[in-house]
Amino acid sequence: MSAKPTLLATLPTDLDPARLPRHVAAIMDGNGRWAQRRGLPRLVGHQRGVDALKALVRCCDDWGIDALTAYAFSTENWGRPLEEVDFLMMLFERVLRQQLKEMMEKNVKIRFVGNLSTLPASLQREIESAMRQTENNSGIQFTVATNYGGRQEIVAACQEIAKQVQRGELQPEEIDTSLFEKHLYTAGVGDPDLLIRTSGEMRISNFLLWQIAYAELYVTDTLWPEFDRHAFREALLAYQRRDRRFGKVKTPSI
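Counting starts from 1 at the beginning of each chain's written sequence and moves along it residue by residue. Given that the model is predicted, a residue must reach a pLDDT of at least 70 before its local features are reported, and side-chain atom pairs must reach 80 or more before they are shown or counted; all residues, however, enter totals for whole chains, interfaces and linings. Processing note: side-chain calculations cover all non-hydrogen atoms of the structure and skip hydrogens and water entirely.

Would you mind going over the packing of helix H3 (residues 82–105) against helix H4 (residues 121–134) with me for this structure?
A packed helix pair is summarised by two numbers, namely the angle formed by the two axes and the spacing between the axes. The axes are straight lines fitted to the C-alpha atoms, using for helices just the contacting stretch, and the angles between their N-to-C directions are given from 0 to 180°. Secondary structure elements follow DSSP: runs of H or I no shorter than four residues count as helices, runs of E no shorter than two count as strands, and numbering proceeds from the N terminus. At a closest axis distance of 9 Å, the pairing of H3 and H4 adopts a crossing angle of 20°. Our classification of the angle between H3 and H4 gives roughly parallel. Between H3 and H4 lies a crossing of left-handed hand. Across the interface between the two elements, Met89, Phe92, Glu93, Leu96, Arg97, Leu100 and Met104 from H3 touch Ser122, Leu123, Glu126, Ile127, Ala130, Gln133 and Thr134 from H4. Here the contact of H3 with H4 is built from residues that sort into 8 nonpolar, 3 polar and 3 charged. Roughly parallel means an angle under 35 degrees; roughly antiparallel means over 145; roughly perpendicular covers 65 to 115; every other angle is labelled oblique. Handedness of a helix crossing follows the sense of rotation of the near helix relative to the far helix, less than a right angle counterclockwise being left-handed and clockwise being right-handed. The contact criterion used is simple: two residues touch if any of their non-hydrogen atoms lie within 4.5 Å. Throughout this entry, Asp, Glu, Lys and Arg are counted as charged residues, while Ala, Val, Leu, Ile, Met, Phe, Trp, Tyr, Cys and Pro are counted as nonpolar. The remaining residues, Gly among them, count as polar.

Here you go:
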């Protein structure tokens, strides 16, 4: 088998810089399967998955992509074995502490979305500290969906809007998509242009259900720990081959 090409530090020449997605979202699937296929504990797969995510953040920054949103832990993931859940919580906390300096150096603005109030107190403190220290950074907007569920997010937004109506602060006819989006966890981030799912699963898995209404979907059989710059390039090439009409009919050129 031939060796992989050298690291793609700059934007590949076959990608059009004017047609890159502004915002990429990723469902990072396959960490456990990657480990199991190698006879390793699932926890090792999660560690390698973190490495792949850090590499993707750097790649997006290098290639001029403004925003990356990663699905790190879903509301359904609490149903996994306790040992795995505890390890993931510890891993999130450790990575945040270790990577904060580099995020500051790289001008990364990190944000966490989801029901953060039920996370371990120590992890909540690390999250609050990281968001506070990076809030004025002007580089890539890196959003981490943690204890996140798309249905739960929509219900929470409806509840907040209903309370405003109940208090007389808002009339029902004033409710529109713009107002609704302001009550989502992702308010201010913007919708993804491209959603990537690894490991070949053809599911959305309760991720950004409102926000991906017009996102291009890209599914690859590559497991997340192996999703590198070359795999990302393939995803971007596929994206640039799409004809994005947003429900409209493209007017033929004369």
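Please explain unusual backbone geometry as it appears in this structure.
With glycine set apart, most residues show a phi of negative sign, and most peptide bonds adopt trans. Phi at Asn147 is positive, roughly 50°, even though this residue is not glycine. Of note, Asn147 is situated in strand S4 (residues 141–148). We note that Ser199 has phi near 75°; this positive angle belongs to a residue other than glycine. Along the chain, Ser199 turns up in the loop between strand S5 (194–197) and strand S6 (216–219).

Explain the environment of Ala18 to me, please; I cannot follow it from the model alone.
Mapped onto the secondary structure, Ala18 falls in the segment before strand S1 (23–27). Classification of Ala18 as exposed rests on a relative accessible area of 70%. For the pair Ala18 and Gln240, spaced 222 residues apart in the sequence, the C-alpha separation amounts to 10.0 Å. Throughout this description, buried means an accessible area under 20% of the type-specific maximum (1.4 Å probe, protein chains only), exposed means over 50%, and partly exposed covers the range between.

Sorry, what's going on with the nonpolar core here?
General note: in soluble globular proteins, nonpolar side chains tend to be found buried as a group. Working definition of a nonpolar core: buried Ala, Val, Leu, Ile, Met, Phe, Trp, Tyr and Cys residues. They are joined through side-chain atoms within 4.5 Å. Counting residues in hydrophobic clusters, the biggest one holds 47 residues, and the most contacted among them are Leu68, Phe142 and Phe232. Setting aside chain neighbours within four positions, we find Phe232 in contact with Val24, Leu56, Cys59, Cys60, Trp63, Ile65, Ile196 and Phe227. Ala25, Ile27, Leu208 and Ile212 belong to the second-largest nonpolar core, a separate cluster that totals 11 residues.

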